[in-house]
Amino acid sequence: MNHQILIESEVDGAEPYAQLLRQVIPAALEAEGVEVPCEVDVLFTDDRGIHTVNLEQRGVDDPTDVLSFPMFDLTPGEHPGEEDADPGTGLVPLGDMVISLERAKAQGEEFGHGPRRETAYLAVHSVLHLLGYDHLDEGPMKQQMRAREEDILSRLGITREE
């Protein structure tokens, strides 16, 4: 599947993570059964940058690790179709994600698996949000989302030891 992953960065040193996400995002879409070519826009920033986006877009006056802005109101297991594609590109504009590399590096160290695995995890987490998964409660949806994240990362060979 020819997905287009557009990556911008406001921080230095993002290229290795950009290369990683160009593999991880299509793999997550494939694992979820998305059968149309999609476009996903990614912005790498730092804690200050994501704090600004969080405040402007969600009214939340705090930094976070990842933000997801889906283009469609999907439910888990529901996918966009060819009818949702941009006629000019033939791609479905699935949505945007913003990742704080500063936070990903800190959390990777804190959790003991490094920034590469943490950034991959955040990208998979965001893709699932773009596809309608949510985890606002501590119930079954959060458990379902966590299971999907681990399955996708496992398929990619991205383990907690990284």
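Report on the accompanying structure. (Residues numbered from 1 in each chain as written. Predicted model: local features only at pLDDT ≥ 70, side-chain atom pairs only at ≥ 80, totals over all residues. Heavy atoms only, no water.)

1. Observations regarding the side chain of R148
Our working definition: Counting from the N terminus, the helices are the DSSP runs of H or I reaching at least four residues and the strands are the DSSP runs of E reaching at least two. Pairs of N or O atoms are called polar contacts if they sit within 3.5 Å, as long as, within protein, a hydrogen donor faces a hydrogen acceptor (for residues adjacent in sequence, only side-chain-to-side-chain pairs). Whether two residues are in contact is decided by their heavy atoms, any of which lying within 4.5 Å being enough.
Inspection of the secondary structure puts R148 in helix α5 (residues 140–155). Polar side-chain contacts of R148 include one of 3.3 Å to the backbone oxygen of A31. At a separation of 2.6 Å, a polar atom in the side chain of R148 contacts the side chain of E32. Once residues within four sequence positions are removed from consideration, R148 is found in contact with A31, E32, L128, Y133 and R155.

2. Quick look at the side chain of S100
Tracing the chain through its elements places S100 in strand β4 (residues 92–100). Once residues lying within four places of it in the same chain are set aside, the contact partners of S100 are T45, D46, D47, I50, T64 and D65.

3. Observations regarding helix α4 (residues 114–130)
Working note: α-helix, 3.6 residues per turn, so residues spaced by three or four point in the same direction. To keep things clear, this is the line we draw: Under the convention used throughout, the expected extent of a helix is 1.5 Å for every residue step, that is, one less than its residue count. Throughout, exposure labels follow a simple rule: accessible area from a 1.4 Å probe, protein chains only, divided by the maximum for the residue type, with under 20% read as buried, over 50% as exposed, and the rest as partly exposed.
End to end, α4 covers 25 Å across 17 residues, agreeing with the expected 24 Å (1.5 Å per residue, within 8%). Burial analysis of α4 places 15 of its 17 residues in the buried class, the great majority of the element. A positive phi of about 100 degrees marks G132, the residue just after α4.

4. A few points about the pairing of strand β2 (residues 38–45)
Rule in force here: The pairing criterion is simple: DSSP has to find at least two bridges between the two strands. Crossovers are marked right-handed if the path from the first strand over the helix to the second runs clockwise, as seen with the strands pointing away from the viewer.
Across the eight residues of β2, seven count as buried, placing the element largely inside the fold. As paired strands, strand β1 (residues 4–9) and β2 are joined by six bridges and run parallel to one another. Paired with I5 across the strands is V40, a residue of β2. Taken together, β1, helix α1 (residues 15–31) and β2 constitute a β-α-β crossover, and its handedness is left-handed. Here β2 runs beside β4; their pairing, made up of eight bridges, is parallel. Pairing of C38 across the sheet is with V92, part of β4.

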